[in-house]
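# Structural overview
The residues making up each chain are set out below.
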Amino acid sequence: MEKFLTLTSTIVPLPIENVDTDQIIPARFLKATDKNGFGDNLFADWRYNKDGSPKADFVLNNSLYSGSILVAGKNFGSGSSREHAAWAIAGYGFKVVVSSFFADIFQNNALNNGVLPVVVSAEFLSEVFNAVNTDSKVTLTVDLQNQTVTNNASGKSENFEINAYKKECLLNGLDDIDYLLSKRDMIEAYEVAR
Amino acid sequence: MNTNEQTPPSGGQGATLFDKIWDAHVVSSVENGPTQLYIDRHFCHEVTSPQAFNGLRARGLKVFRPDKTTMTADHNTPTIDQDQPVKDPISRNQLDTFARNAADFNMPLFYPLGHEKNGVVHIIGPENGFTQPGMTIVCGDSHTSTHGAFGTIAFGIGTSEVEMVLATQCILQTRPKTMRITFNGKLGEGVTAKDLALYMISKLTTGGATGYFVEYAGEAIRNMSMEERMTVCNLSIEMGARGGMIAPDEKTFMYVNGREFAPKGEEWEQKLAYWKTLKTDEGAKFDKELVFDAADIQPMITYGTNPGMGMGITDSIPTLDQIDEAGRISFEKSLNYMGFQAGEKLEGKQIDYVFLGSCTNGRIEDFRIFANYVKGKKKADNVTAWLVPGSWKVEQQIREEGLLDILTEAGFKMRQPGCSACLAMNDDKVPAGKYAVSTSNRNFEGRQGPGARTILASPLVAAAAAISGRITDPRA
């Protein structure tokens, strides 16, 4: 997994609440047996017309907005456990998703793929949406070590929470399997002791 | 709203059902981090597992405990002509990959298409006795919460976590908060477990239980059959909960006893003695407690594009001023997708499709309810009905009980087992703009096919809609 330290980027705003994993990546795209190519179908039904042409009114098709930070309305990633949603977000090039609330399984899946979910207050989120409405090139800075997110339009900063273990994993580019494999002896001892 | 947020009892000493099972499965704890939890049963299907097996190959690993993983093909399978080669080459490749992974890693519990134990993963688990009280259970599927009906900690995981379980039979999890939801009193005539769940989700909203593991309690839950309890626990994820669980009781033990993979003889007696201790102690503390009155619940339908957008079948869709400001864009987008107006009543509205099936409502009792309603009536001409049993065992029981004859007489056909139109990965897609009354679990945009409009409901409401061709109160 790639290391994550700090990131300053323009943002892609998606001010919709309860964006579920069927919107992030519809089920009919889950037939692949590897992790590649899901970014092309990120938000497929919002992004493309039936004939595959881009829908002009969707934010990913609007050249005003770009960057590696997705900013979304509250309760992002609800629904299915499909890790394909995290693969689609990472595959498209997003490294951070900012929202005021995330669904549990999505949050885990994102972290396991080096995508950082950043939980901000409803007020901060609303200010970011307002700022990007005024200036599409506004940037956010996310600093994982210090657990801060800054709206560079206003200079306003907020701290965000992240599990200390997951933070270490991201800072060092390690994953859970490495950790669990190192505990094989303990697992076998647990099985015997039951 | 009849919800009373109660202050948890102070000075409680006892443990919750969740605490007891969690604590019994801790292998180690990471300092300031998650818990390493041992997993008793892993269920696996063809869609969320191939990348996990590839991960094992890349690391040169074997499956650590092959007998603790049960594999069934269900998500991406056709529900007709299952004896023929699967037509879609990409789907076929996914199923072939699943079989290759089972063979390469010597997985003994592999139930491919056509196998007598094949079916929807959360249906074949309980019916074959894989699901037992006190277990930790995971699957790369969010509706794994279904198994919580047996007093288990069961939850959905991503593919990276599937790989962890295959490699180590363990998972790293942060301990969730606990919530108890109590349903006092009895459900009214024509009101089912599905209605209770949709009612609860409409009160909590789609993210209202995020971060929590829920225990369901109270008279209305105790009165439910095991299958009804599975429906309630199944839908826990639709309010964001990590999972839902119900303390096991005599009904649970009766259900498990004698099933193929259930303990036998002396082992059964030992397990049973332990299972009887699996309940929340008097005075145990929950992080949150909610109480509802079952008598307040009526048959439910959804009107929007998440399962929290539900209402009583005779109610009206909320008006814009009832929605908080930050949510209005999403609310309007949702109604626009559904072709509904704010403030509108939906009773009497014409529908096009009915789907009976899924891990939520694809069990024998669901087919009994549906068949009992349509007996002696005729399916409406404007309705296309897909009746999809959850497994071959359910299918067989439908035949044996004479339900198929009743359904056929009323103009219905039965399809073959699978997840089918619940997520429409296969060909069972509702066309764009069409309305489907569906007994499944999600009404997300495009869930049942691009542009499809889903109205979630109980098997009883679905039966009434299939007969009248309209949204119909089954009590009327």
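Higher on the page you've got the structure.
### Digging into empty space enclosed by the protein
Residues and elements named next belong to chain B.
- For the coordinates displayed, the defined rule picks out three cavities of 30 Å³ or more.
- As for the largest cavity, its lining consists of 23 residues, and the residues nearest its centre are His-75, Asp-141, His-143, Leu-423 and Arg-447.
- Counting only elements with at least two residues in the lining of the largest cavity, the list comes to helix H4 (121–127) and helix H12 (358–361).
- Looking at the lining of the largest cavity, its residues break down into eight nonpolar, eleven polar and four charged.
- Space inside the second largest cavity adds up to approximately 70 Å³.

### Side note on the interface of chain B and chain A
- The interface of chain B with chain A comprises 68 residues on the first partner and 52 residues on the second.
- Both sides of the chain B and chain A interface together cover about 5000 Å² of buried area, and 56% of this is carbon and sulfur.
- Counting across the interface, chain B meets chain A through six salt bridges.
- For Lys-31 of chain A, the salt bridge is made with Asp-88 of chain B, and the minimal N-O distance between the two is 2.7 Å.
- Linking chain B with chain A are 27 residue pairs in polar contact (both at pLDDT 80 or more), by the criterion used here.

### Notes on the nonpolar core
- Counting residues in hydrophobic clusters, the biggest one holds 110 residues, and the most contacted among them are Phe-43, Phe-76 and Leu-116 of chain A together with Phe-370 of chain B.
- Broken down by element, the residue count for this core peaks at eight residues, all from helix H16 (residues 459–468) of chain B.
- If you look at the next biggest cluster of nonpolar residues, it comprises 90 residues, including Met-71, Val-232, Met-245 and Leu-456 of chain B.

Rules used in this analysis
Residues numbered from 1 in each chain as written. Chains lettered and ligands numbered in written order. Predicted model: local features only at pLDDT ≥ 70, side-chain atom pairs only at ≥ 80, totals over all residues. Heavy atoms only, no water. 1 Å grid on protein atoms, 1.4 Å probe; cavity = no way out; pocket = protein on both sides within 12 Å on 5 of 7 lines; lining within 4 Å. Points joined across faces, edges and corners; volume = space filled by probe spheres on them. Helix = DSSP H or I, 4+ residues; strand = E, 2+ residues; numbered from the N terminus. Nonpolar A, V, L, I, M, F, W, Y, C, P; charged D, E, K, R; others polar. Contact = heavy atoms within 4.5 Å. Buried area = accessible area lost by both parts, 1.4 Å probe. Salt bridge = Lys/Arg side-chain N within 4 Å of Asp/Glu carboxyl O. Polar contact = N/O pair within 3.5 Å; in protein donor to acceptor, adjacent residues only side chain to side chain. Core = buried A, V, L, I, M, F, W, Y, C linked by side-chain atoms within 4.5 Å. Buried < 20%, exposed > 50% of the residue type's maximum accessible area, 1.4 Å probe, protein only.

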